[in-house]
Amino acid sequence: DDENDGVVSFREIAKREKGSVYVTQMETNFDFSKIVYRTSANEGKVFDVVRNGGQNNNNNNNNMASSSSSASLKHERAVTDTHFPVPNELTTILSCSHDNTVKEWDARTNNINCVARVRIPNHILGKNGSVETCSIGGANETILAVSCGEKILFYDRRMIRQGGGEVIKQFEDAHSEIVTKLRFHPENRHILHTSSVDGLTCTFNLFNEIDDENSLVSIGTANAAINEFGFLSGARTSSNSKNILWALTGIEEIHLFDCDANGTTCGVEIGRVKNAREKAREAAKEAKMMNERKISSKSLSKKGLKDLIENGVDYVINVIDGGIANNHKYYACCGTINGTVGLFPIAYDQNGMKSGTSTQPLTLLAPEYVLPNDSSSGGDGHNDIVRCLVASSSSTVGASDGQKVHLYTGGEDSLVCAWTTTKERIETDANNTNNNNNSFGGGALRNSPSSSFRSGRESPY
């Protein structure tokens, strides 16, 4: 039937916001039991992901569902960041806002409590300063890092919980323009990663001291404003350590950096997808040619492909790790203005491979999974731009059931939608078959040319 035929099965509209509210960010906790999302209505929302028995059911893809209720994280002005900052604190949520406050929330009950808050003082904010992102980390999870324009402020989380809240350190020279994201590494908790409009991503080791010069480990250069970044599993160790950092720039380039702070090549760029949107458009057209005889008329993938091909990919959302079910392959998630999303494998560009350089050109292959919009799937799915996407397998623990991966998306249509992949993906012939070993993911670092160490600050301007 349609549900079992499709590459991705629509499960449910998990949440529907009232009015013209955008869903602009979405994050999961580290066991994928809760999701928090940010809206354009000056608040965040959190809800439970409920596994119905937790067992794989071959006759029903709907073995994960969302709780009917959601709780709000209120701010007075636009919320700029919200996420689960601590791996072993599954119910701790952190949020910050243009009201210049950072709040810590306890999500153990539906009545979420704000357990700590700090307001950035005006003399630190300055005339044009604003709070854009925040994170908690450190060896004992006691450091709160907050961005304020191009500065990074550090607080003692314990003192904030006791009603205090003085800045203990400031980084004023790490970046020259607005800091867009701060995240402590999900495994090495004393390692802080940052990104900025100045096109740099920095790595700091805060184990012994908090100092913008002595704590600096490495700098990666993207040569354009970095809007977003995240972590991916690499293949340098037998475990799936998250030692790859992906970064998405404002000119829609995807950069992959080594982020292993214990290695000698931390900060080195190992791959780059130039003009990812155009590469996704070309890959979607290739998928049509390769699949015309292979996809049934009822398949959701064919319906979704029609929108990707005829209307074209319009934007890049993020990059996700496909998890165990997909051999930790990396996917660029790209969408259309009509709400269709394609998951495009990232692979080496064989036509542009270079020797003697650490950075290799990457490309996008034909989409292996397609999340169709509502008009392509009979009324299910999004009908406007999709702003965010999370996948169960990209969490630390992973929540894939057998060969399934659970996805959640949020968009400008006020919807949060839930999806489940099936075992069947879009089958591709010569192009993807020949490039299968070149897919950039679990084995990428093993196959990359020898890297030369690069350090020091480079300005893209």
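Above: the structure in question.
Counting restarts for each chain: residues are numbered from 1 in the order of the written sequence. Thresholds applied to this predicted model are a pLDDT of at least 70 for local features of residues and 80 or more for the giving and counting of side-chain atom pairs; totals over whole chains, interfaces and linings are not thresholded and use all residues. Just so you know, side-chain values use all the structure's heavy atoms and leave hydrogens and water out.

Glancing now at the overall build of the protein chain. Numbering goes from the N terminus for both helices and strands, where a helix is a DSSP run of H or I of at least four residues and a strand is a run of E of at least two. Looking only at helices and strands, the protein chain features 7 helices and 30 strands. Burial status follows relative accessibility: with a 1.4 Å probe on protein chains alone, a residue under 20% of its type maximum counts as buried, one over 50% as exposed, and anything between as partly exposed. Across the 461 residues of the protein chain, 60% fall into the buried class. Any two residues whose heavy atoms approach within 4.5 Å at even a single point are treated as in contact. Looking at the protein chain alone, contacts between residues at least 24 apart form 57% of all its contacts between residues at least 6 apart.

With that out of the way, let us pick up the side chain of aspartate 307. Mapped onto the secondary structure, aspartate 307 falls in helix α5 (residues 300-310). The charge count treats Lys and Arg as positive and Asp and Glu as negative. His and the chain ends do not count. What makes a salt bridge here is a side-chain nitrogen of Lys or Arg within 4 Å of a carboxyl oxygen of Asp or Glu, nothing more. Here aspartate 307 occupies a buried position and makes no salt bridge, while the nearest side chain of opposite charge, lysine 306, is found at 9.3 Å. For the purposes of these results, a polar contact is taken to be a pair of N or O atoms within 3.5 Å, where, inside protein, one atom must be able to donate a hydrogen and its partner to accept one; residues adjacent in sequence count only when each atom of the pair is a side-chain atom. Here the side chain of aspartate 307 touches threonine 336 through a polar contact of 2.7 Å, side chain to side chain. A polar side-chain atom of aspartate 307 sits 2.7 Å from a polar atom in the side chain of threonine 340. Each residue touching aspartate 307, except ones within four places of it in the same chain, is listed here: Gly312, Thr336, Asn338, Thr340, Asn373 and Ser376.

The next thing to look at is the packing of aromatic side chains. In summary, the pairing rule links any two rings of Phe, Tyr or Trp, Trp by its six-membered ring, whose centres are within 6.5 Å, and it sorts them by plane angle into stacked for under 30 degrees, edge-to-face for over 60 and tilted for everything else. If you walk through the whole model with that rule in mind, you get 8 aromatic pairs. Taken together, a centroid distance of 5.3 Å and an interplanar angle of 80 degrees make the contact between phenylalanine 10 and tryptophan 419 edge-to-face. Of this pair, phenylalanine 10 sits in strand β1 (residues 8-16) while tryptophan 419 sits in strand β30 (residues 415-421), and the two are 409 residues apart along the sequence. Considered together, phenylalanine 10 and tryptophan 419 belong to a single accessibility category, that of buried residues. Look at phenylalanine 47 and tyrosine 408: their rings are 5.9 Å apart centre to centre, the planes differ by 55 degrees, and that puts the pair in the tilted class. Of the two residues, phenylalanine 47 is situated in strand β4 (residues 43-51) and tyrosine 408 in strand β29 (residues 406-411); the sequence distance between them amounts to 361 residues. In this structure phenylalanine 47 comes out as buried when scored by relative accessible area, which is 2%. Put simply, the rings of Phe32, Tyr37, Phe47 and Tyr408 pair up and form one aromatic cluster.

Once that is clear, we can look at the pattern of salt bridges. Scanning the entire structure with this criterion turns up 18 salt bridges. Arginine 277 is the partner of glutamate 252 in a salt bridge, and the nearest nitrogen-oxygen pair spans 3.2 Å. Remark: arginine 277 occurs in helix α4 (residues 276-291) and glutamate 252 occurs in the loop between β20 (244-249) and β21 (254-258); sequence separation between them is 25 residues. Residue glutamate 252 is classed as buried on the basis of its relative accessible area of 17%. On the basis of relative accessibility, which here comes to 33%, the residue arginine 277 falls in the partly exposed class.

So, on to unusual backbone geometry. For residues that are not glycine, phi is negative in most cases, and the peptide bond is trans in most cases. One non-glycine residue, asparagine 275, lies in positive phi territory at about 45 degrees. Take asparagine 275: its relative accessible area is 41%, and that puts it in the partly exposed class. The phi angle at serine 414 is positive, at roughly 75 degrees, despite the residue not being glycine.

Moving on to the sheet that holds strand β9 (residues 101-106). Two strands qualify as a pair provided DSSP detects at least 2 bridges between them. As summarised here, the arrangement of the 4 strands in space is β7-β8-β9-β10, forming an open sheet in which the pairing is antiparallel. Each edge of the open sheet is held by one strand with a lone partner, namely β7 (79-83) and β10 (113-119). When strand polarity is set aside, the average angle formed by the axes of neighbouring strands in this sheet is 15 degrees. Across 4 bridges, β7 lies against strand β8 (residues 92-97) in antiparallel orientation. Looking at β8, one finds that threonine 82 is bridged to serine 95. All axes are obtained by fitting lines to C-alpha atoms, using only the stretch in contact for helices, and the reported angles, taken between N-to-C directions, cover 0 to 180 degrees.

Let's shift gears to the pairing of strand β12 (residues 143-148). The element β12 is extensively covered by neighbouring structure, given that 6 of its 6 residues are classed as buried. Covered by surrounding structure in β12 are Ile143, Ala145 and Ser147 together with Leu144, Val146 and Cys148, the residues of both alternating faces. As consecutive antiparallel partners, strand β11 (residues 131-137) and β12 are separated by 5 residues, and within that stretch glycine 138 has a phi angle of approximately 95 degrees, a positive value. Across 6 bridges, β12 lies against strand β13 (residues 151-156) in antiparallel orientation. Directly across from isoleucine 143, in β13, lies its bridge partner aspartate 156. In sequence, β12 turns back onto β13 through a hairpin of 2 residues, with glycine 149 there showing a positive phi of about 65 degrees.

Attention now goes to a negative patch on the surface. Patch membership needs two things, relative accessible area over 30% and no salt bridge, and members are linked within 9 Å if like-charged or within 5 Å if nonpolar (Val, Leu, Ile, Met, Phe, Trp, Tyr). The Shrake-Rupley method, run with a 1.4 Å probe sphere, supplies the accessible areas, and residue values consider only the shown protein chains as cover. One atom stands in for each charge, and that atom is NZ of Lys, CZ of Arg, CG of Asp or CD of Glu. Side chains of Glu150, Glu172, Asp173, Glu177 and Glu213 sit close together on the surface and give a patch of like negative charge. As for its placement among the helices and strands, glutamate 213 is situated in the loop between β17 (200-205) and β18 (216-221). Note on glutamate 213: relative accessible area 64%, which makes it exposed.

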